[in-house]
Amino acid sequence: MDFRSDTVTRPNQKMRTVMANAEVGDDVYGDDPTVNDLESWSANEYGFEAALFVTSGTQANLLGLMAHCERGDEYLCGQSAHNYRFEAGGAAVLGSIQPQPIENNPDGTLCFDKLQAAIKPDDSHFAHTTLLSLENTINGKVLPLAYLAQAREFVNKNGLQLHLDGARVFNAAAALNIEVREIGQYFDSITICLSKGLGAPVGSLLLGSKAFINKAHRIRKMLGGGMRQAGILAAAGKLALMENVEQLKVDHQNAQLLAVELSKLEGFSVKPEHVQTNIVFAKLSENVDIKAIAAQLLQDEIIISSGNPARFVTHRDISRDDILLFIEKLKSVL
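About the cut-offs
Each chain carries its own residue numbering, running from 1 in the direction its sequence is written. Where local features are concerned, this predicted model is filtered to residues with pLDDT of at least 70; where side-chain atom pairs are given and counted, the filter is 80 or more; whole-chain, interface and lining totals use all residues. Derived side-chain values reflect all non-hydrogen atoms in the structure, with water molecules and hydrogen atoms excluded from consideration. Paired strands are those between which DSSP finds at least two bridges. In DSSP terms, a helix is any run of H or I states spanning at least four residues, a strand is any run of E spanning at least two, and both are numbered starting from the N terminus. Any helix carries an expected span of 1.5 Å times its number of residues minus one. Only protein chains enter the area calculation, which uses a 1.4 Å probe; residues under 20% of their type maximum are buried, those over 50% are exposed, and those in between are partly exposed. The arc in question is traced by the directions running from the helix axis to the C-beta atoms. The contact rule is simple, with two residues in contact once any of their heavy atoms fall within 4.5 Å. Here a polar contact is taken to be a pair of N or O atoms separated by no more than 3.5 Å, where protein atoms must pair a possible hydrogen donor with a possible acceptor and residues adjacent in sequence count only if both atoms sit in side chains. The axes used here are C-alpha line fits, helices contributing only the stretch in contact, and every angle between their N-to-C directions lies in the interval 0 to 180 degrees.

## Remarks on the pairing of strand β9 (residues 279–284)
For a regular strand, the rule is simple: side chains alternate between the two faces of the sheet.
Then comes step 1: In this sheet, β9 lies alongside strand β8 (residues 268–269) in antiparallel orientation, the contact comprising two bridges. Residue pairing in the sheet places Ser269 in a bridge with Lys283 of β9.
Then comes step 2: Judged from the four bridges that link them, β9 and strand β10 (residues 310–313) form a sheet pairing that is antiparallel. In the sheet register, Ala282 faces β10, and the bridge partner there is Ala310.

## Section: helix α2 (residues 33–46)
Then comes step 1: For α2, with 14 residues, the first-to-last C-alpha span of 20 Å sits near the 20 Å given by 1.5 Å per residue.
Then comes step 2: Among the residues of α2, Thr34, Val35, Leu38, Glu39, Ser42, Ala43 and Tyr46 are the ones counted as buried. Projected onto a plane normal to the axis of α2, the buried residues spread over an arc of 160 degrees and lie on a single side.
Then comes step 3: Residues of α2 that are buried in the fold lie against β1 (50–54), α8 (169–176), α9 (180–184), β6 (189–193), β7 (204–208) and α11 (231–243).
Then comes step 4: Its side-chain oxygen placed 3.0 Å from the backbone nitrogen of Thr34, Asp32 serves as the N-cap of α2.
Then comes step 5: Downstream of α2 by one or two residues, Gly47 has phi in the positive range, about 85 degrees.

## Thoughts on the side chain of Glu74
Then comes step 1: Its location among the elements puts Glu74 in strand β2 (residues 73–78).
Then comes step 2: Under the relative-accessibility criterion, Glu74 is labelled buried at 0%.
Then comes step 3: Polar contacts involving the side chain of Glu74 include one to the side chain of Thr129, which spans 2.7 Å.
Then comes step 4: Setting aside residues no more than four positions away along its own chain, Glu74 makes contact with Cys69, Ile97, Gln98, Gln100, Ala118, Lys120, Ala127, His128, Thr129, Thr130 and Leu131.

## Some words on the sheet that holds β10
Then comes step 1: Taken together, three strands build an open sheet; the order of strands is β8-β9-β10 and the sheet is antiparallel. Strands with a single pairing partner mark the edges of an open sheet, and in this sheet they are β8 and β10.

## What to know about helix α7 (residues 145–158)
Then comes step 1: With 14 residues, α7 extends 20 Å between its outermost C-alpha atoms, agreeing within 8% with the 20 Å of an ideal straight helix rising 1.5 Å per residue.
Then comes step 2: Residues of α7 that are buried: Tyr147, Leu148, Ala151, Arg152, Phe154 and Val155. Projection of α7 onto a plane perpendicular to its axis shows the buried side chains occupying an angular sector of 160 degrees, all on one side. Exposed residues on α7 whose side chains face more than 90 degrees from its buried face are Ala146, Glu153, Asn156 and Lys157.
Then comes step 3: Among the residues trailing α7, Gly159 stands out with phi positive, at a value near 65 degrees.

## Concerning the sheet that holds strand β3 (residues 98–102)
Then comes step 1: Strand order in the open sheet formed by seven strands is β1-β7-β6-β5-β4-β2-β3, with mixed pairing between adjacent strands. For this open sheet the edge positions go to β1 and β3, each flanked by a neighbour on one side alone. Put simply, the sheet's adjacent strands are angled 20 degrees from each other on average, direction ignored.
Then comes step 2: As paired elements, strand β5 (residues 161–165) and β6 share two bridges and run parallel to each other. When the bridges of β6 are listed, His163 appears paired with Ser189.
Then comes step 3: Set on the sheet, α2 makes contact with β1, β6 and β7; between it and β1 the angle comes to about 130 degrees.

These results come straight from atomic positions and should not be treated as a statement about function.
Right, dumping it as structure tokens:
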């Protein structure tokens, strides 16, 4: 059992078979039919003109930021945003793009008044504010559709573009019981990670207009991201999109169960009502040595993160029975 992240999911036998039998070509030449099919199908399915299959969510975000912004431009984002905190400063290092982080509200949203105040004047002293980047879900929290509509109005008023880090956008859609295109309609570009809860082994998608994707395609090559017979991976990605989306609702149910059971343990402060998707956070009291607990659980092949707050993530390789067994093992080492 591995509760560290939904990135630890492994392809099942059907996915492995689809990968082994995928029709392939040289994607750098545009000749891989399975990649081409994934890109055209996903663009149409989620309401965009074009899509680009890339190696990772980090690469997808970097391409999105660099395709929207020129050198010396600035993008607005949250202090907790993955493309600000956890992507090695790629936008600044490789794109010469300045991030302007704004403190996230407890629900993951950003205050529009604070965003407005952060937009730089048209003055040679300042970076040119070009883009607002949001993340959905963010730390497991879902951004409401009404908020996304406000964000669209905000960027239109200020002449900005709007990008979505949608690494777990399918979790957001599952929580809201809507289609992803209903979220995507507010954005100029979105990323979709195929290798988290959806269960593909590798890959993400960047979606946007044809001109935007053409620019991102050129930047992908510049960054060394050209792939050859990538249809083996694209086949897994399409299967994930077609067959694994419903599993996310089960993951959410399991996260609720996990949150409730953790909340019963001494030293674990969890609010199940705040768990919206597949990520559970537990604040630990001072007498809980989470590193020692993690080491003991590892002996039973149970892997957890060892931070405080502790983060637990459910996914399709974690069943309801696994969670109940985990709780019993956890009790035994507390």
